[in-house]
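Remarks on the overall topology
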Amino acid sequence: MKTRYRNRAEMAADTTTLTTDCLFARTRVQVCDALRSVVPGLPEEVVQRVDLTPTRDPSHGDMATNAAMLAAKPARRKPADIAAELVAKLSELPEIAKAEAAGPGFVNLTLRPEVLQGVAVSVLKAGERYGRSTMGQGTRVNVEYVSANPTGPMHVGHCRGAVVGDALANLLEAAGSPVTREYYINDAGTQVVALTWATYWRYLQAIGTEISADDFSPLTPNGLQYQGEYLIPVADSIAEKHGRALADAEGGPADPSVWFETVRREALTQMMAAIREDLEALGISHEVFASEAETLASGRVDAAIAKLDSKGLLYEGVLEPPKGKMPEDWEARPQTLFRSTEFGDDQDRALRKSDGTNTYFANDIGYHAQKAENADVLIDVLGADHGGYVSRMRAAISALTDGKTGFEVVMCQIVRVVKNGEPVKMSKRAGTFVTLRDLLDEVGRDAVRFTMLTRKADAQMEFDLDAVVAQTRDNPVFYVQYAHARCRSVLRSAETMFGAESVTPEALCSADLTNLSSDVELAVLRRLAAFPRSVEAAATAREPHRIATYCIDLASDFHALWNRGREDTTLRFLHENDRATSLAKLALVSAIAGTLRCALTILGVVPVEEMR
RNA sequence: GGACCUGUAGCUCAGCUGGAUAGAGCGUUGCCCUCCGAAGGCAAAGGUCACGCGUUCGAAUCGCGUCAGGUCCA
């Protein structure tokens, strides 16, 4: 496993060259240098824990560091004393207007205004690359997400994992990791057999045979499991292509050897095509669609099992009966077990059933081994219902790769869909489940994506259909989009006022920014400065929702600034008779719009130019 | 019975990997349009961070236990 930083400090201390063009990262290096000279011989692992954070309270300056408090114990000195010496050292730096010790040992730093003003220029120069980092260089990441069974169209239950996985992939890419987006098609299991039978039933109807679900069900291996109408067009196209050739002379069910493989392939192809369309509508495209059947055929599953065996990790045994509620049909059965308990699992796990066929787990091991051939870290984005699967998979990957390949799971908890204050009931059986397409049609792609990303993945969330289309402050999608649209609106007005060529990002880079000195303007600049830091932190934590939170915060700063211009005309962006001042303000506005675009792009949300 | 996730304002949720007086939105109560888009902003009120013990300079955050909700267990 390649380097995985436990925290930002470690990440930043790990390298002498900065991974991102970030004011915080640069200043932190200076703080660390100062600390080393104030406390000679301080162990590096202590220095690495030094953190430099934005302050919550502007009266504490622009940034605060915990350096003195961290060093106090190893240096056997009082935090306040170290802080005082740090203050003296840091005050000498040209970038720092004021350094002061405060509270239990913080050192608060106030930057010279031109340093903060320079942030706007950095943003404009970086353009769409603002916030990008090289932190992940050398760590190839495979993110597997969605992987919905190809047995029907996507429904809202798949949506959160899809959006989170996609945003996470974008985020890790922004943080410098080469990312593979992957979808695992479970096309070798019993569900696909069931799908095939269900499609065949619809096929018989398509060629004019009258056969009810109740009549057909007993003919199938496991009953008729899918009766959805979405199979009708699939069956129609099969009927069109093959006529009555797949049925017997009377149009009734023929022997499976006649039709099964044909129908299976056709159903799978069309289901996957439908899913890809759904994904496309969500703005998602995977680089790899991996087939379980192909992985099996490639021999990788057998190879993985053989490898575990060669390490002495397999044995024939009988699992303990489940504690508590005992399934009625439970019986002790000897089967091939993997010693996952040696890797932290709470129970050994079966790789082969008593009849000798592979379990799902066995196939999944082979598949993960396949992914590990081209990645250093595997991330599975899973629904909460797969929680029990994590520790056994981690055990298997650890065993197979000798711990070289990282395995992480981002677990997405349930989304409750609410409309008019009432939960929307979903039942696949009753056919009342909401498809992804329905949801997109109702609220729109960007609203779905952004809203799903405003909460951390491992917390349950409520998705209020009314709220996400509301054009009000309590709808964060709208709020953020509105901020961007307002920026663009100002810039459009500026173009007519000063000429388009004067307000391009390149032209605005050379504006004199010294008049950006009010508290609200400096607050926005501080926020812009924190973006690269947020990207690295979000990537390290595998938490794309932090980028959504950042968007909301920046939008809030901007709306506040906008409204302050009502009472204080010097804060307005456009001053017809004062070109120099206007260009400074416009540089800030352009930097805000640019940063919002960078952030929204990570989330896969399209920034809008105007609201209608 | 066990595993994983969650518990923060009346409601929906943030809280930047242990830091200063715990923050938003909605709802409630007041303000702010002659003015770049008021689809916004400002302010007030609202908290035993589920509970208990522990770790330490310092805990919503880390550990253990209890309770509650969710997901799962060949």
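This is a predicted model, so every value here is computed, not measured.

Segmentation of chain A into domains returns domain 1 (8–111), domain 2 (190–281) and domain 3 (476–603). Its C-alpha centre places domain 2 at a distance of 55 Å from the equivalent point of domain 3.

Let us now look at unusual backbone geometry. In the Ramachandran plot, Arg76 falls in the positive-phi region, its phi being about 50° despite a non-glycine side chain. Structurally, Arg76 can be placed in the loop between helix H4 (67–75) and helix H5 (79–91). Phi at Asp402 takes a positive value of approximately 50°, unusual for a residue other than glycine.

Another point: the pairing of strand E9 (residues 334–338). Among the five residues of E9, four are classified as buried, and the element is accordingly described as predominantly covered. Here five bridges tie strand E8 (residues 314–318) to E9, and the two strands are oriented antiparallel to one another. From the neighbouring strand, Leu314 faces E9, where its bridge partner is Phe338.

This brings us to the sheet that holds strand E11 (residues 377–383). On the basis of which strands lie adjacent, the open sheet formed by five strands has the order E7-E6-E5-E11-E12 and parallel pairing. Every other strand in the sheet has two partners, leaving strand E7 (288–291) and strand E12 (406–412) as the edge strands with one partner each. With strand direction ignored, the average angle separating the axes of adjacent strands in the sheet is 25°. The pairing of strand E5 (residues 141–144) with strand E6 (residues 179–185) spans four bridges and is classified as parallel. Residue Val143 lies in a different strand from E6, and its bridge partner there is Arg181. Packed onto the sheet, helix H7 (residues 156–174) meets E5, E6, E11 and E12 and runs at close to 155° relative to E6. This element, helix H14 (residues 360–372), spans E5, E6, E7, E11 and E12 of the sheet and lies at about 160° to E6.

Attention shifts here to the packing of aromatic side chains. All told, the structure shown has 16 aromatic pairs when counted by the stated rule. Here the aromatic rings of Tyr200 and Tyr203 are separated by 5.7 Å at their centres, their planes lie at 20°, and the arrangement is stacked. Of this pair, Tyr200 and Tyr203 both sit in helix H8 (residues 190–206), three residues apart, roughly one helical turn. Overall, the relative accessible area of 0% leaves Tyr200 in the buried class. Here Phe478 and Tyr482 contribute two aromatic rings whose centre-to-centre distance is 5.3 Å and whose plane-to-plane angle is 20°, an arrangement assigned as stacked. With Phe478 and Tyr482 both in helix H18 (residues 476–498) and four residues apart, the pair spans about one turn of that helix.

With that settled, consider the pairing of strand E3 (residues 96–102). Here E3 runs beside strand E4 (residues 106–111); their pairing, made up of six bridges, is antiparallel. The residue bridging Ala102 from the neighbouring strand is Phe106, located in E4. If you look at the hairpin formed by E3 and E4, you'll find three residues sitting between the two strands, and Gly103 has a positive phi there, around 55°.

This paragraph deals with the nonpolar core. One finds Ile82, Leu86, Phe463 and Leu528 to be the most contacted residues of the largest nonpolar core, which totals 141 residues. The greatest single-element share of this core, amounting to 15 residues, is contributed by helix H22 (residues 579–603). Ile82 has contacts with Leu35, Val38, Val39, Ala68, Ala71, Ala72, Ala75 and Arg77, leaving out every residue within four places of it along the chain.

Looking now at the side chain of Thr55. Relative to the helices and strands, Thr55 resides in the loop between strand E1 (52–54) and strand E2 (63–65). In terms of polar contacts, Thr55 uses its side chain to reach the backbone carbonyl oxygen of Asp57, at 3.5 Å. Within the local environment of Thr55, its side chain forms a polar contact with the backbone oxygen of Gly61, the two atoms lying 2.6 Å apart. Dropping the residues within four chain positions of it, Thr55 is found in contact with His60, Gly61, Asp62, Met63 and Ala64.

Further remarks concern the sheet that holds strand E15 (residues 461–464). Here three strands make up an open sheet; going across it, the order is E14-E13-E15 and the pairing mixed. Because the sheet does not close on itself, it has two edges, and the strands there are strand E14 (422–423) and E15. The sheet contact formed by strand E13 (residues 415–419) and E14 spans two bridges and is antiparallel. In the strand pairing of E14, Val418 is matched with Pro423. Together, E13 and E15 form the strand contacts of helix H17 (residues 445–452), whose direction differs from that of E15 by roughly 160°.

Our next topic: the packing of H14 against helix H15 (residues 390–401). One way to put it is that H14 packs onto H15 with a least axis distance of 10 Å and a crossing angle of 50°. Relative to H15, H14 is oriented oblique. Judged by the twist between their axes, the crossing of H14 over H15 is right-handed. Together, Phe361, Asp364, Ile365, His368, Ala369 and Ala372 of H14 and Arg392, Met393, Ala396, Ile397, Leu400 and Thr401 of H15 make up the contact between the two elements. Of the residues in the contact of H14 with H15, the class split is eight nonpolar, two polar and two charged.

Attention shifts here to the state of the cysteines. Applying the stated criterion to the full structure yields zero disulfides. With no disulfide partner, Cys32 has as its closest neighbouring cysteine sulfur the one in Cys22, 13 Å distant. With relative accessibility at 5%, the residue Cys32 sits in the buried group. The cysteine Cys412 is free of any disulfide, with Cys159 supplying the nearest cysteine sulfur at 10 Å. Note on Cys412: relative accessible area 5%, which makes it buried.

Looking now at the pattern of salt bridges. Under the counting rule described, the total for this entry stands at 31 salt bridges. In this structure, Arg36 engages Glu44 in a salt bridge whose closest nitrogen and oxygen atoms are separated by 2.7 Å. By relative accessible area, Arg36 is classed as partly exposed at 34%. Arg526 is the partner of Asp62 in a salt bridge, and the nearest nitrogen-oxygen pair spans 2.4 Å. Of this pair, Asp62 sits in the loop between E1 and E2 while Arg526 sits in helix H20 (residues 519–541), and the two are 464 residues apart along the sequence. Under the relative-accessibility criterion, Asp62 is labelled buried at 5%.

In this section: the packing of H8 against helix H10 (residues 231–242). Remark: H8 packs on H10, axes separated minimally by 8 Å, with the N-to-C direction vectors making an angle of 65°. Overall, the two elements H8 and H10 adopt an arrangement that is roughly perpendicular. Considering only the axes of H8 and H10, their crossing is right-handed. Here Leu195, Ala198, Thr199, Arg202, Tyr203 and Ala206 of H8 lie close against H10, whose contacting residues are Leu231, Ile232, Val234, Ala235, Asp236, Ile238 and Ala239. A breakdown of the residues in the contact of H8 with H10 according to their chemical character gives ten nonpolar, one polar and two charged.

Turning our eyes to something else, we now look at H18. With 23 residues, H18 should reach 33 Å at 1.5 Å per residue; the first-to-last C-alpha distance of 33 Å fits that figure. Positioned one or two residues after H18, Gly499 has a phi angle of 95°, which is positive.

About the cut-offs
- Residues numbered from 1 in each chain as written.
- Chains lettered and ligands numbered in written order.
- Predicted model: local features only at pLDDT ≥ 70, side-chain atom pairs only at ≥ 80, totals over all residues.
- Heavy atoms only, no water.
- Domains from an automatic or database assignment.
- Helix = DSSP H or I, 4+ residues; strand = E, 2+ residues; numbered from the N terminus.
- Buried < 20%, exposed > 50% of the residue type's maximum accessible area, 1.4 Å probe, protein only.
- Pairing = 2+ DSSP bridges.
- Axes fitted to C-alpha atoms, helices over the stretch in contact; angles between N-to-C directions.
- Contact = heavy atoms within 4.5 Å.
- Phe/Tyr/Trp six-rings, centres within 6.5 Å; stacked < 30°, edge-to-face > 60°.
- Core = buried A, V, L, I, M, F, W, Y, C linked by side-chain atoms within 4.5 Å.
- Polar contact = N/O pair within 3.5 Å; in protein donor to acceptor, adjacent residues only side chain to side chain.
- Parallel < 35°, antiparallel > 145°, perpendicular 65-115°, else oblique.
- Left-handed = near helix turned anticlockwise from the far one by under 90°.
- Nonpolar A, V, L, I, M, F, W, Y, C, P; charged D, E, K, R; others polar.
- Disulfide = S-S within 2.5 Å.
- Salt bridge = Lys/Arg side-chain N within 4 Å of Asp/Glu carboxyl O.
- Expected span 1.5 Å × (residues − 1).

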